[in-house]
Amino acid sequence: MKNIKVIAFDADDTLWDCQSWFDDVERRCCELLRPWATAREVSEGLFATEHQNLPLTGYGTKAFTLSLIENAVRISGGQLSGDIVRQLLEMGKELLQFPTTPLPEVQETLQQLADLRRYQLVVFTKGELMDQEGKLRRSGLEQYFSHMETVSNKTEKEYRQLCENLDVAPEQTLMVGNSFRSDIAPALAAGAWALHIPYHVVWALEKSEEYPHEKLRKITHFGEVIDFLKVKDLG
């Protein structure tokens, strides 16, 4: 652990709140579709549509918006008005612009890590490139990172490629993220260290079983990243 050179941070729901904005859009969509279905039916249909579209559209706001409209058309039996389609499109555009205010302790912790001048700080996220770049820019955190990499999915292969791109070994890399499925499990499989910081809301497609691992620690707030590194540096 004392050989850590790179600390990679997930973006959405690790550095700033994201899922809550999507959940709000989903609730508003359920209200629009009340003439045709219950909120549960709309939500279950949206989940199924997103899951089905993943191989074609991948992750991200634009993919979500397409699934939102496709599900609405199906739920309404093709009776969706042009005005409702317009409202759904506007919701999608809102998701491309929402304020990415850093979560508690994020900016202070990144500043402390930057001041140490010991680690290379990077953002490693999945989704659509322009969308993720825009979120980082709006967050005001861009100054702390020397590298940002956005991939279509996070698997062991992508984590190994990240390490290769940064010219470090997986065991010299620490991944910090909220999703066990995307941030933790594949990082551990690649041989990296991982800090799991769960968020209070989780996208249904990110839910997965957790398990213990010798290179894994779970923390409850962002400032514990510093505490963890200090303990290990003294070890």
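Up top is the structure these notes are about.
Residues numbered from 1 in each chain as written. Predicted model: local features only at pLDDT ≥ 70, side-chain atom pairs only at ≥ 80, totals over all residues. Heavy atoms only, no water.

Undergrad: What's the story with the pattern of salt bridges in this structure? I'm lost.
TA: One side chain can pair with another of opposite charge once the charged atoms of both are near each other. Under the defined criterion, the tally for this structure stands at 14 salt bridges. Residue Asp-10 pairs with Lys-154 through a salt bridge whose shortest N-O separation is 3.1 Å. With a gap of 144 residues between them, Asp-10 in the loop between strand E1 (6–9) and helix H1 (19–32) and Lys-154 in the loop between strand E3 (147–151) and helix H7 (156–166) connect regions that are remote in the sequence. Lys-154 gets classed as buried once you look at its relative accessible area, which sits at 4%. (Salt bridge = Lys/Arg side-chain N within 4 Å of Asp/Glu carboxyl O. Helix = DSSP H or I, 4+ residues; strand = E, 2+ residues; numbered from the N terminus. Buried < 20%, exposed > 50% of the residue type's maximum accessible area, 1.4 Å probe, protein only.)

Undergrad: I keep staring at the packing of aromatic side chains and nothing clicks. Help me out?
TA: For any two aromatic rings, the description comes down to two numbers: the centre-to-centre distance and the angle of the planes. The final tally for this structure, using the stated rule, is 7 aromatic pairs. Their ring planes at 65° and their centres at 6.0 Å tell us that Phe-9 and Phe-145 sit as a pair that is edge-to-face. A residue pair is termed long-range when its members are at least 10 positions apart, and Phe-9 in strand E1 and Phe-145 in the loop between helix H6 (129–139) and E3 qualify at 136 residues. Note on Phe-9: relative accessible area 0%, which makes it buried. (Phe/Tyr/Trp six-rings, centres within 6.5 Å; stacked < 30°, edge-to-face > 60°.)

Undergrad: Help me understand the pairing of strand E2 (residues 120–126), please; the structure alone is not making it clear to me.
TA: It is a general feature of regular strands that their side chains alternate between the two faces of the sheet. For E2, the tally of buried residues reaches 6 of 7 residues, placing the bulk of the element in the interior. Relative to E2, E1 runs parallel, the two being bridged by 4 bridges. When the sheet's bridge partners are listed, Val-6 is paired in E2 with Gln-120. Summarising the sheet, E2 and E3 pair through 5 bridges and their orientation is parallel. Across the sheet, residue Lys-126 finds its bridge partner in E3, namely Val-151. What joins E2 to E3 is H6, and the crossover it makes is right-handed. (Pairing = 2+ DSSP bridges. Right-handed = clockwise from strand over helix to strand, strands pointing away.)

Undergrad: When you look at the sheet that holds E2 in this model, what are you seeing that I'm missing?
TA: Either a parallel or an antiparallel arrangement is found when strands of a sheet pair, and the pairing is made through backbone hydrogen bonds. Strand order in this open sheet of 6 strands is E3-E2-E1-E4-E5-E6, and the pairing throughout is parallel. What marks the edges here is a single partner per strand, and that holds for E3 and strand E6 (216–218). For this sheet, the mean inter-axis angle between neighbouring strands, taken without regard to orientation, is 20°. Here H6 sits on the sheet and contacts E2 and E3; the angle it forms with E3, its principal contact strand, is near 145°. Against the sheet, helix H8 (residues 180–190) touches E2, strand E4 (173–177), strand E5 (193–196) and E6, its axis set at about 155° to E5. (Axes fitted to C-alpha atoms, helices over the stretch in contact; angles between N-to-C directions. Contact = heavy atoms within 4.5 Å.)

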